Amino acid sequence: MLCSISGEAPQHPVASSKSGIVYEKRLIETYIAENHKDPVNGEELETTDLIDLKSSRIVTPRPPTLTSIPSLLSTFQNEWDAIALESFTLRQQLDQVRKELATALYQHDAAIRVIARVTKERDEARDALSKVSVGAGASGNGDAMQIDSEGLPEDLAAKVDATQEKLSKTRKKRPVPKTWVDRDTIEKFGVASSSEELFAGASSLAVDESGDLVVTGGSEEKKVQQSFKVGGAVTDAVWYGSQPVVSTTSGAVKVFGDSEATFTSHAGSANALALHPCGDILASVGVDKSFVIYDLVKGRPVTQIYTDSELTTAAFHPDGHLFAAGGADGQIKLFHTKSGENAANFDLGGPVQDVSFSENGIWFAAVAKGSNSVVIFDLRKEGKAAEAEVLEIGGQVDSIRWDYTGQYLAASGPRGLTITQYTKSTKSWSDVISTAVPATAVEWGDFIFAFTTLSTNLPGTWPKRRPLQAFGAALGFGGVVRRPGNPHELLRNSVAFVEQLHAFAEFEEHLQHIPGLDYRTQGLGEPRKPDHVPPKAARENFTRSPKEDDVVICPSCDEELVHNKQDEEPMVKKGGKTPTRKEREEHSFWVVKDCGHVYCNNCYQNRLSHAKMPNVHFSEGSKQTKSKATKTITCSVDECESDVKSKDKWIGIFL
């Protein structure tokens, strides 16, 4: 009787009442105090489960190997050999540790030197960047890094927090204005007004809060109602209350009106502007790879943050806590407005042309330069999963804008303008209207739209440079159309303030002189495609979109629909015979065309002889023809009468 722990005869033997294994009492009690388990089988064990074994006192006999002097000498020799071997192993390990320590010290010293060199290069780069002069044609690729910023002052940071708290609470509960246009109204939109050409090269448009005035600018100047000398080509424009603000290719950002100011923080062209929802904070981005935040109340720039590429467009989140800057490297960079720290990056795949946030607060749309598609990003996701939708517009897109309700997205370009609607109930997108009138920029007004277009001359007997006349409903492509009673409208590139809208009859009269032109056709082209009608919901216990945990079975044999490549028939059987056509079938599953039910390949192949197959079940019937009754085989799903007899009733699925 030996202890299962020490392997020796126990002085005080005990046995486990659960396993019956014998232990030395002092050893098993110590083990139980630490682990509360049986050391042999791992079962729960306590000291109360031990049973004392009664036996005569055990005297440990002397090992037979130690009963003579030669045996003792042999034992001592073995012990010496073991000690010598252990000492040699320890010396080897000590030498290895010394080598590793020397390598670690060398790497640490090298890391210290690299950090010192990088710190010096960073300081030199900061100093050089503060003195660099960047031209308007500078490359968008570079090695600049985001330079540390102190963020916004406390008063502006508090204003950003207050604006976010106010707008985010009311965003979901905000009702759609009763005066806002609906889909039926938008479908009737057409050209409302146009004018003689103002100037070439216009590239910006902004509507003031009242909706009565529009500021536009470009590379040439011509007086409309009031002109401003800006000292360079205008790249973008916004309204600060009733004061227009413009950015120029010379790098200047100018505020006109009662409190005029000029900011020259950018070294090179200032490419875009964005006004914070609070109305007192302005942001600009430039070719010098930086964006600048301005305090318009105090009339001064408060922070400038550098990135790693030229910035081409800018936009604030509707709540104001995030700022988006699109780069020439195809990245849309999101920053925290208060701190200027980078929050997230989204890859568009090409130089960013325009960015626009949706009023729902979770989406923003972006378009790459020269692209025909608009990408909708979800701020709640990252990477490729953030692309919620890709809208194919059918032509180059230069400008995109969401409406106040977040339902409609307008996209304009040289081939025309398209309005797309998102229907929340069906979670689907559909085109509302498309027009072939070229549009270089687009804006939404308080109640209706404000669009800008290039000058348009239709062929036929039209006078040269004759403007398009008014037709349609309250909104116009090619003009800024406001609430009734306000006749002043403005177009960019062919935009002017006009005294009155022309009558629809005059427009119709001109259209009659153009052969084959039907102005009732949308976009002067083919009618738009009908809206997608989703199929009805699947019946109970059926699905069109199986989830990961769902088990999909064949309705005939009730076996799981699984494709296992290891079970595929070889090209040559063991007997050397060539497999039959049925055995070489490459379709893993088969779908009935009429009802859409999915079957396994075995049931499909044996449907005609299903009566002889115990696991294949199909319904049988008869069809009366003029001469005789014909046997039919129908789908095995209850209440489904789809004919499955002939092969042309099926569609094979490859995997």
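Residues numbered from 1 in each chain as written. Predicted model: local features only at pLDDT ≥ 70, side-chain atom pairs only at ≥ 80, totals over all residues. Heavy atoms only, no water.

As recorded in an unreviewed UniProt entry, the protein chain goes by Pre-mRNA-processing factor 19 and comes from Glarea lozoyensis. What UniProt records for the protein chain under Pathway (unreviewed entry) is the sentence "Protein modification; protein ubiquitination." Taken verbatim from the UniProt record of the protein chain, the Function (unreviewed entry) comment is "Ubiquitin-protein ligase which is mainly involved pre-mRNA splicing and DNA repair. Required for pre-mRNA splicing as component of the spliceosome." (UniProt positions renumbered as here; feature names shortened; annotations may be inferred.)

Undergrad: Just give me the short version of the overall build of the protein chain, but keep the residues and values in it.
TA: Check the secondary structure of the protein chain and you find 6 helices and 34 strands. Taking all 655 residues of the protein chain together, the buried fraction comes to 39%. Long-range contacts, defined here as pairs at least 24 residues apart, represent 50% of the contacts in the protein chain between residues at least 6 apart. For the protein chain, the accessible area works out to roughly 38100 Å², and carbon and sulfur atoms hold 51% of it. (Helix = DSSP H or I, 4+ residues; strand = E, 2+ residues; numbered from the N terminus. Buried < 20%, exposed > 50% of the residue type's maximum accessible area, 1.4 Å probe, protein only. Contact = heavy atoms within 4.5 Å. Areas by Shrake-Rupley, 256 points an atom, 1.4 Å probe, with all protein chains shown as cover.)

Undergrad: Run through a nonpolar patch on the surface, naming residues and quoting values.
TA: Nonpolar side chains collect at one region of the surface, where Ile69, Leu73 and Phe76 lie side by side and expose about 360 Å² of accessible area between them. Relative to the elements of secondary structure, Phe76 occurs in helix H2 (residues 69–131). (Patch = residues over 30% accessible without salt bridge, like charges linked within 9 Å, V, L, I, M, F, W, Y side chains within 5 Å. Salt bridge = Lys/Arg side-chain N within 4 Å of Asp/Glu carboxyl O.)

Undergrad: Before we move on, can you summarise helix H3 (residues 154–170) with the specific residues and values?
TA: A rise of 1.5 Å per residue sets the reference length of H3, with its 17 residues, at 24 Å; its end C-alpha atoms lie 25 Å apart and thus fit the reference within 8%. For H3, the full list of buried residues reads Leu156, Ala157, Val160 and Thr163. Down the axis of H3, the buried side of the element spans an arc of 125°, and every buried residue falls inside it. Exposed positions of H3 whose direction lies more than 90 degrees from the buried face are Glu154, Lys166 and Lys169. (Expected span 1.5 Å × (residues − 1). Arc of directions from axis to C-beta.)

Undergrad: Give a detailed account of the state of the cysteines, specifying residues and quantitative values.
TA: Tallied over the full model, the rule gives 0 disulfides. Unpaired in this structure, Cys600 has its nearest cysteine sulfur neighbour in Cys603, at a distance of 3.4 Å. As a non-bridged cysteine, Cys640 has Cys595 as the owner of its nearest cysteine sulfur, 3.7 Å distant. Classification of Cys640 by relative accessible area gives buried; the value is 9%. (Disulfide = S-S within 2.5 Å.)

Undergrad: Which residues make up the pairing of strand S7 (residues 234–240), and what are the values?
TA: By the criterion of burial, S7 is predominantly enclosed, with 7 of the 7 residues buried. Where S7 lies against strand S8 (residues 243–248), 6 bridges are found, and the strand directions are antiparallel. Paired with Trp239 across the strands is Pro244, a residue of S8. Remark: 2 residues form the turn of the hairpin made by S7 and S8, two consecutive strands paired antiparallel; Gly241 in that turn has positive phi of roughly 65°. (Pairing = 2+ DSSP bridges.)

Undergrad: If you had to explain the sheet that holds strand S18 (residues 342–347) to someone new, which residues and values would you point to?
TA: In spatial order, the strands read S15-S16-S17-S18; together these 4 strands make up an open sheet with antiparallel pairing. The open sheet is flanked by strand S15 (311–316) and S18, the only strands paired with a single partner. Along the sheet, successive strands turn relative to each other by an average axial angle of 20°, direction set aside. Here 5 bridges tie strand S17 (residues 331–336) to S18, and the two strands are oriented antiparallel to one another. Looking at S18, one finds that Ile332 is bridged to Phe346. (Axes fitted to C-alpha atoms, helices over the stretch in contact; angles between N-to-C directions.)

Undergrad: Now, about the packing of aromatic side chains: what can you tell me, with residues and values included?
TA: Under the definition given, this model contains 16 aromatic pairs. Between Phe346 and Phe377, the aromatic rings sit 5.5 Å apart at their centres with planes inclined by 55°, giving tilted as the arrangement. Remark: Phe377 occurs in strand S21 (residues 373–378) and Phe346 occurs in strand S18; sequence separation between them is 31 residues. The exposure class of Phe377 is buried, given its relative accessible area of 1%. Where Phe364 meets Phe377, the ring centres are 5.1 Å apart and the plane angle is 20°; that geometry is what we call stacked. (Phe/Tyr/Trp six-rings, centres within 6.5 Å; stacked < 30°, edge-to-face > 60°.)

Undergrad: Mind laying out unusual backbone geometry, listing which residues take part and the relevant values?
TA: One non-glycine residue, His36, adopts positive backbone phi at about 60°. With respect to the helices and strands, the residue His36 is situated in the loop between helix H1 (25–35) and strand S3 (50–52). Although it is not a glycine, Lys289 adopts a positive phi angle of roughly 70°. Following the sequence through the fold, Lys289 ends up in the loop between strand S12 (281–286) and strand S13 (290–295). In this structure Lys289 comes out as buried when scored by relative accessible area, which is 15%.

Undergrad: I'd like a rundown of the sheet that holds strand S24 (residues 408–413), residues and numbers included.
TA: Pairing is antiparallel across the open sheet formed by 4 strands, whose spatial order is S23-S24-S25-S26. The sheet is open, and its two edges are formed by strand S23 (399–402) and strand S26 (428–435), each paired on a single side. On average, each strand axis in the sheet is inclined to that of its neighbour by 20°, with strand direction left out of account. Here S24 runs beside strand S25 (residues 416–423); their pairing, made up of 6 bridges, is antiparallel. Bridge pairing in S25 places Ala411 opposite Thr418.

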